[in-house]
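# Chains, contacts and geometry: an overview
Spelled out from the first residue to the last, the chains are:
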Amino acid sequence: MDGRRRNPYELTDESPVYVISIAAQLSGLHPQTLRQYDRLGLVSPDRTAGRGRRYSARDIELLRTVQQLSQDEGINLAGIKRIIELENQVSALQQRVAELSAAVEGAAVAMQQREAQVHASYRRDLVPYQDVQQAGALVVWRPKRPKD
């Protein structure tokens, strides 16, 4: 998606709808842990006009991932932050590769269309040239003389 929603009431995975207490319940973490992750830049929820945190479904999934990496894998929070940054970078690069591939495909199609136009513009009254030395024959050209 290009970042713009067609319907302002349409909910997506990025829609910030959960307050911190609900996000904590959904992620299985304490609200204070969510605040700490926000301060460290691990999971940065959107903010309301009154500066209240609003978490999206994607934020909650990221909270679960952070918890899993921390508890199950034993990775410290600095390492988790770097992993998240690298995953975001990979996603951005994959999107850019897809955009460039589409652009290359479009350019190839345009080039093929232009090539077809050039071939279509060839004069059909021309005769293909045969090299005399390769054909083993002598070709003499005599221009037509105007009849008087």
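A few words on the overall build of the protein. The number of helices and strands found in the protein is 5 helices and 2 strands. Listing each helix as α and each strand as β along the protein from the N terminus yields α-α-β-β-α-α-α. Relative to its full complement of 148 residues, the protein shows a buried share of 15%. The contacts in the protein between residues at least 6 apart in sequence include a share of 49% that link residues at least 24 apart. For the protein, the exposed surface amounts to about 12200 Å²; the carbon and sulfur share of it is 52%.

Now for the side chain of D38. Of note, D38 is situated in helix α2 (residues 31–40). One polar contact links D38 to R47, side chain to side chain, over a distance of 2.8 Å. Ignoring sequence-local partners within four residues, the contact set of D38 consists of V43, S44, P45, R47 and R53.

Here we take up the pattern of salt bridges. Counted under the stated rule, the structure contains 6 salt bridges. Note that E14 is salt-bridged to R58, the shortest N-O span being 2.3 Å. Taken as a pair, E14 in the segment before α1 (20–27) and R58 in helix α3 (residues 57–71) lie far apart in primary sequence, 44 residues in all. Note that E61 and R64 form a salt bridge whose closest N and O atoms lie 3.7 Å from each other. Separated by 3 residues within a single helix, E61 and R64 lie in helix α3, roughly one turn from each other. A relative accessible area of 38% means that R64 is categorised as partly exposed. Bridged by salt links that share partners, the residues D38, R47 and R53 form one connected network.

Bringing the nonpolar core into the picture now. Across soluble globular proteins, nonpolar side chains have a tendency to be buried as a group. Residues L34, L42, Y55, L63 and V66 are the most contacted members of the largest nonpolar core, which totals 15 residues. At the level of secondary structure, the elements contributing two or more residues to this core comprise α1, α2, α3 and α4 (77–120). Per-element tally for this core: the top contributor is α3, with 4 residues. For L34, the contacting residues outside a window of four places in its chain are I20, A23, A24, S27, L29, Y55 and L63.

A contiguous nonpolar patch, built from V19, I22 and L26 and spanning about 190 Å² of accessible area, is present on the exposed surface. With respect to the helices and strands, the residue I22 is situated in helix α1.

Below, the discussion takes up the packing of α1 against α2. As a packed pair, α1 and α2 sit with axes 9 Å apart at the nearest point and diverge in direction by 100°. The angle between α1 and α2 places the two elements in the roughly perpendicular class. Taken together, the residues of α2 that come into contact with α1 (itself represented by I20, A23, A24 and S27) are P31, L34 and R35. Of the residues belonging to the contact of α1 with α2, the class tally is 5 nonpolar, 1 polar and 1 charged.

For the rest of this paragraph, the subject is the confidence of the model for the protein. In the predicted model, the protein carries a mean pLDDT of 86, and 86% of its residues have values of at least 70. In the model of the protein, helix α5 (residues 132–135) stands out as the element of lowest mean pLDDT, 56, in contrast to α4, which has the highest, 95.

Glancing now at the side chain of D59. Assignment of secondary structure puts D59 in helix α3. No salt bridge is formed by the buried D59. Its closest oppositely charged neighbour is R58, at 7.4 Å. When neighbours within four sequence positions are excluded, D59 is seen to be in contact with V43, S44, P45 and R54.

What counts as what
Residues numbered from 1 in each chain as written. Predicted model: local features only at pLDDT ≥ 70, side-chain atom pairs only at ≥ 80, totals over all residues. Heavy atoms only, no water. Helix = DSSP H or I, 4+ residues; strand = E, 2+ residues; numbered from the N terminus. Buried < 20%, exposed > 50% of the residue type's maximum accessible area, 1.4 Å probe, protein only. Contact = heavy atoms within 4.5 Å. Areas by Shrake-Rupley, 256 points an atom, 1.4 Å probe, with all protein chains shown as cover. Polar contact = N/O pair within 3.5 Å; in protein donor to acceptor, adjacent residues only side chain to side chain. Salt bridge = Lys/Arg side-chain N within 4 Å of Asp/Glu carboxyl O. Core = buried A, V, L, I, M, F, W, Y, C linked by side-chain atoms within 4.5 Å. Patch = residues over 30% accessible without salt bridge, like charges linked within 9 Å, V, L, I, M, F, W, Y side chains within 5 Å. Axes fitted to C-alpha atoms, helices over the stretch in contact; angles between N-to-C directions. Parallel < 35°, antiparallel > 145°, perpendicular 65-115°, else oblique. Nonpolar A, V, L, I, M, F, W, Y, C, P; charged D, E, K, R; others polar. pLDDT = per-residue confidence, 0-100. Lys, Arg positive; Asp, Glu negative; His and termini not counted.

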